[in-house]
Amino acid sequence: MKNATKYITKNLVISIVVFLIIAAILSTYSLSNSEPEKIQVSQLITQINEGQVKTVVVKGDVLEIELINGAKQKTEKESGESLSTLLSNYEITPEKMAEIEVDIQGQSGLGYWLRVLLPFLLPFALIAFFIWIMMRQVQGANNRAMTFGSSSAREIPKNSKDKVTFKDVAGVKEAKEELMEVVEFLKSPKKFINLGAKIPKGVLLMGSPGTGKTLLARAVAGEANVPFFHISGSEFVEMFVGVGASRVRDLFNKAKKNAPCIVFIDEIDAVGRQRGTGLGGSHDEREQTLNQILVEMDGFDPNQGVIVLAATNRPDVLDPALLRPGRFDRRVVLDEPDINDREAILKIHASGKPLVAGVDLRRIAERTPGFSGADLANLMNEAAILTARRNKKLISIDELFESIEKVLLGPERKSFLLSEHEREVTAYHEAGHALVAHSLPDADPIHKISIISRGQAAGYTLKLPIEDRRMHRRIEFLADLAMSLGGYVAEQEIFGQENLTTGASSDLRQATRLARKLVTDFGMSEKLGPRTYGEKEEMVFLGKEIRHERDYSEKTAEVIDSEINKLIDGAKKTAQEIIKTRQADLEKIAKLLLKKETIEKEEFEELLGKKG
Ligand code: ADP
Ligand code: MG
Ligand code: ZN
């Protein structure tokens, strides 16, 4: 119903505007053609006798008179009486009559009536028209409400033009191998059925956002060349209770008719959360929808040729019933891309984008650990946009490097001008981060330092791991903590406690978060030992908000706090020691930064020597 009111207000505004325009046009029109003066018949006779009249146009009973001096007049005669009888009745002499031009025009034409009636009818017609349009749209909204139940699944038919195949998905090798099985079944189900093999009904794709789950699901349909029914979990949950369930029913009915085919439920966590938790208003609705999915999945014969794929980045919150054998019992994990995958993904997205000859995408892959497939696609796109804006024909490595930072930190803000003093503070702050990272063997090496502001940050220091790591050691975290505090400590040492700025606030937040994780999630505090503290759970109605449920005592909370403080304190001491003993190096970096604004890895190593 919200839609309907929106339509009405929109139309109302449009009609009022149109109305005003028409009114304006009409008023200027009638102003410029001022109405002829209305006179009595007797006056006309006098004028004729005085020889002032040039022409008389007879339109039915209306006489339009033009005087010799150009003035226009109008009068009416008795109906049924002709002009000549009228004039002779008033005893106008035939000579006088011959002096005036008489023109008799038919007046029964449609044009005449329109001219007379249109000014009156037009406003009514317009009003009626707009009312009709509004009614129609309100009705449309009602009709939509009535058809909510049928699925809004989008179908990509087989042999569709924008078909995606495994070739378009780089990396995720294991996932592709797993799904190859599904493809083969869809292509030739007989082979499997004859051997008595049971085909999986449901395959759950798991992976963090942007790893290519949606893309891979489409690729399976493309490889097998079967229709693909695509619906997102959040679309099930609508205003009306029961809609989700009926959509599920409809979706599966459609699929069964089109078998062999693929049903893809994207972001299934939106409906598939564990039942009986959370406090959302749409709670019942979600449960009904989920139940219906379970019923449908149990209800069809696996050899029918419908395979259900689902994707989620939160497998931990899914209802266990979804994962039972016979439902989504196959689980496929999409890993974050490693360096080779990243290169391959970049190559896929570089197709159709002309690169300068010899650009090595491997170098971009090296610099983008932690980027997802979507980030990399975004990076290539940003590079193309940047190149176009620079009026160049080919994308060079410079644009690609710049796009990495743009994707990572947001666009450069050249207009975000810092005062001379602020620039100096920022330079020392970033130099502090860099120096600490350079001094600690377990910190990642520096790739770039800059005091050009980007996104939220006044400056930034980019460090990148040498290799992709899946696991992290405690000592690396400690180095990270010290590096985070390097900026703060440098400001404190150089400018004094009173002159600390707000520039370090996000560093401090990041450090505190990391320290808390070490203590509560990673079991890396000696005092608190190998256990986790606190259950985390996402609240349904707030989406991202995390509820922190305490599973420890008040006393332990105090210990946690003191352990966090200890970690931060230790990191601060480490940073202080480095900055005090190497103040000359700090000055060197800061001076160079003030001069050049950005320092690349090579220059940095020239200045301080290679790390380690
Ligand atoms: P998800 O569904 O996992 O969040 P998507 O499948 O929507 O991610 O990926 C978003 C975009 O990122 C894709 O359209 C594609 O352009 C790009 N992308 C992600 N992963 C890959 C990959 N492995 N190979 C090629 N492109 C990828
Ligand atoms: Mg997706
Ligand atoms: Zn900082």
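Details of the structure are given in the entry above.
Bear in mind that the values here come from a model prediction, so they are computed numbers and not experimental data.

In the region of ligand 1, 15 residues are neighbours, and Ala170, Gly210, Lys213, Thr214 and His349 sit closest. At 3.3 Å from an oxygen atom of ligand 1 is found a main-chain nitrogen or oxygen belonging to threonine 211. With respect to ligand 1, the backbone of glycine 212 contributes an N or O atom lying 3.0 Å from an oxygen atom. When isolated, ligand 1 has an accessible area of 560 Å², and the protein chains bury 79% of it. Of all the secondary structure elements, the ones that give two or more residues to the shell around ligand 1 are helix H8 (213-224), helix H13 (339-350) and helix H15 (373-389). Split into classes, the residues belonging to the shell around ligand 1 amount to seven nonpolar, six polar and two charged. Looking at the shell around ligand 1, you find at least three residues from each of domain 2 (154-190 + 202-323) and domain 3 (339-409).

What follows covers the sheet that holds strand E13 (residues 460-463). Reading across from one edge, E13-E12-E16 is the order of the three strands in this open sheet, with antiparallel pairing throughout. A single partner strand is all that each edge strand has here, and the edge strands are E13 and strand E16 (598-600). With strand direction ignored, the average angle separating the axes of adjacent strands in the sheet is 10 degrees. Pairing between strand E12 (residues 446-450) and E16: three bridges, direction antiparallel. Within E16, the position partnered with serine 450 by the bridge is threonine 598.

Sheet architecture is open: five strands sit in the order E1-E4-E3-E2-E5, paired in mixed fashion. Each end of this open sheet is capped by a strand with a single partner; those strands are strand E1 (37-38) and strand E5 (101-105). For strand E3 (residues 62-67) and strand E4 (residues 72-76), the ladder comprises five bridges, and the chain directions are antiparallel. Counted as the bridge partner of glutamate 66 is lysine 72 from E4.

Let us now look at the pattern of salt bridges. As enumerated under the stated definition, the model contains 28 salt bridges in all. Linking aspartate 480 and lysine 463 is a salt bridge whose minimum nitrogen-to-oxygen distance equals 3.2 Å. Taken as a pair, aspartate 480 in helix H18 (residues 474-495) and lysine 463 in strand E13 lie far apart in primary sequence, 17 residues in all. The class for aspartate 480 is partly exposed, based on a relative accessible area of 23%. Assessed through its relative accessible area of 25%, lysine 463 is described here as partly exposed. When the shortest N-O distance is used, the salt bridge between lysine 588 and aspartate 585 registers 3.7 Å. Of this pair, lysine 588 and aspartate 585 both sit in helix H21 (residues 583-596), three residues apart, roughly one helical turn. Looking at lysine 588, the relative accessible area reads 39%, which means it is partly exposed. By sharing partners, the salt bridges in this structure join Arg390, Lys392, Glu399 and Glu402 into a single network.

In the first shell of the zinc ion (ligand 3), the protein supplies His429 (NE2), His433 (NE2) and Asp507 (OD), at 2.0 to 2.1 Å from the metal. Look at histidine 429 and you get buried, because its relative accessible area is 5%. On the basis of relative accessibility, which here comes to 6%, the residue histidine 433 falls in the buried class.

Attention shifts here to helix H6 (residues 173-187). Two residues of an α-helix separated by three or four positions point the same way, owing to the 3.6 residues in each turn. End to end, H6 covers 21 Å across 15 residues, agreeing with the expected 21 Å (1.5 Å per residue, within 8%). Regarding H6, the residues found buried are Ala175, Lys176, Leu179, Val182, Val183, Phe185 and Leu186. At its buried positions, H6 is contacted by helix H7 (189-194), strand E7 (202-206), H8, strand E9 (261-266), strand E10 (306-312) and strand E11 (330-333).

Along the chain, the position of asparagine 381 falls in helix H15. Owing to a relative accessible area of 37%, asparagine 381 belongs among the partly exposed residues under this scheme. The spatial distance from the C-alpha of asparagine 381 to the C-alpha of histidine 349 is 8.2 Å, given a sequence separation of 32 residues.

Moving on to a negative patch on the surface. A grouping of Glu174, Glu177, Asp335 and Glu336 is seen on the molecular surface, where their side chains present a negatively charged patch. Relative to the elements of secondary structure, glutamate 174 occurs in helix H6. On the basis of relative accessibility, which here comes to 52%, the residue glutamate 174 falls in the exposed class.

Another point: the packing of aromatic side chains. Per the stated rule, a full pass over the model turns up seven aromatic pairs. Between the aromatic rings of phenylalanine 185 and phenylalanine 192, the centroid separation amounts to 6.0 Å while the plane-to-plane angle is 75 degrees, which identifies the pairing as edge-to-face. Here phenylalanine 185 matches phenylalanine 192 in class, with each residue buried. Between tyrosine 428 and phenylalanine 495, the aromatic rings sit 5.7 Å apart at their centres with planes inclined by 85 degrees, giving edge-to-face as the arrangement. Separated by 67 residues along the polypeptide, tyrosine 428 in helix H17 (residues 420-439) and phenylalanine 495 in helix H18 bring together distant segments of the chain. With respect to burial, tyrosine 428 and phenylalanine 495 carry one shared label: buried. Sitting above the plane of the phenylalanine 401 ring, arginine 367 keeps its charged end 4.0 Å from the centroid.

Conventions we followed
What you see as residue numbers is a count from 1 along each chain, following the sequence as written. Lettering of chains starts at A and numbering of ligands starts at 1, both following the order in which they are written. Reporting of local features is limited, given that this is a predicted model, to residues whose pLDDT is at least 70; pairs of side-chain atoms are given and counted only at 80 or more, and all residues count toward the totals for whole chains, interfaces and linings. Excluding hydrogens and water, the side-chain figures rest on all heavy atoms present in the structure. Only a single heavy atom is needed: when it lies within 4 Å of a molecule or strand, its residue is near that molecule or strand. For this analysis, a polar contact is any N or O atom pair within 3.5 Å, provided that within protein one partner can donate a hydrogen and the other can accept it, and provided that sequence-adjacent residues contribute only side-chain to side-chain pairs. Calculation of accessible area relied on Shrake-Rupley with a 1.4 Å probe; when residues are assessed, cover is drawn exclusively from the protein chains displayed. Helix numbering and strand numbering both begin at the N terminus, where a helix is a DSSP run of H or I of at least 4 residues and a strand a DSSP run of E of at least 2. Residue polarity follows a fixed list, in which Ala, Val, Leu, Ile, Met, Phe, Trp, Tyr, Cys and Pro are nonpolar, Asp, Glu, Lys and Arg are charged, and the others, Gly among them, are polar. Domain start and stop points were drawn from an automatic or database domain assignment. We call two strands paired when DSSP finds no fewer than two bridges between them. Axis definition: a line fitted to C-alpha atoms, limited for helices to the stretch in contact. Angles are taken between N-to-C directions and run from 0 to 180 degrees. Salt bridge, as used here: a side-chain nitrogen of Lys or Arg that lies within 4 Å of a carboxyl oxygen of Asp or Glu. Only protein chains enter the accessibility calculation, which uses a 1.4 Å probe; a residue is then buried when its area is under 20% of its type maximum, exposed when over 50%, and partly exposed in between. Only nitrogen, oxygen and sulfur atoms count as donors, using a 2.8 Å cut-off from the metal that widens to 3.2 Å for Na, K and Ca. Water is left out, so coordination shells may look unfilled. Multiplying 1.5 Å by the helix residue count minus one yields the expected span of that helix. Contacts were defined at the residue level, with two residues in contact if any of their heavy atoms lie within 4.5 Å. To count toward a patch, a residue needs a relative accessible area over 30% and no salt bridge; like charges are then connected within 9 Å, while nonpolar side chains (Val, Leu, Ile, Met, Phe, Trp, Tyr) are connected within 5 Å. In this tally, Lys and Arg are treated as positive and Asp and Glu as negative; His is ignored, and so are the chain termini. A charged residue contributes its charge at one atom only: NZ of Lys, CZ of Arg, CG of Asp or CD of Glu. By convention, a stacked pair of Phe, Tyr or Trp rings (six-membered ring in the case of Trp) has centres within 6.5 Å and planes under 30 degrees apart, an edge-to-face pair has planes over 60 apart, and any other such pair is tilted. The rule for a charge over a ring is simple: NZ of Lys or CZ of Arg within 6 Å of the ring centre, and within 35 degrees of the ring normal.

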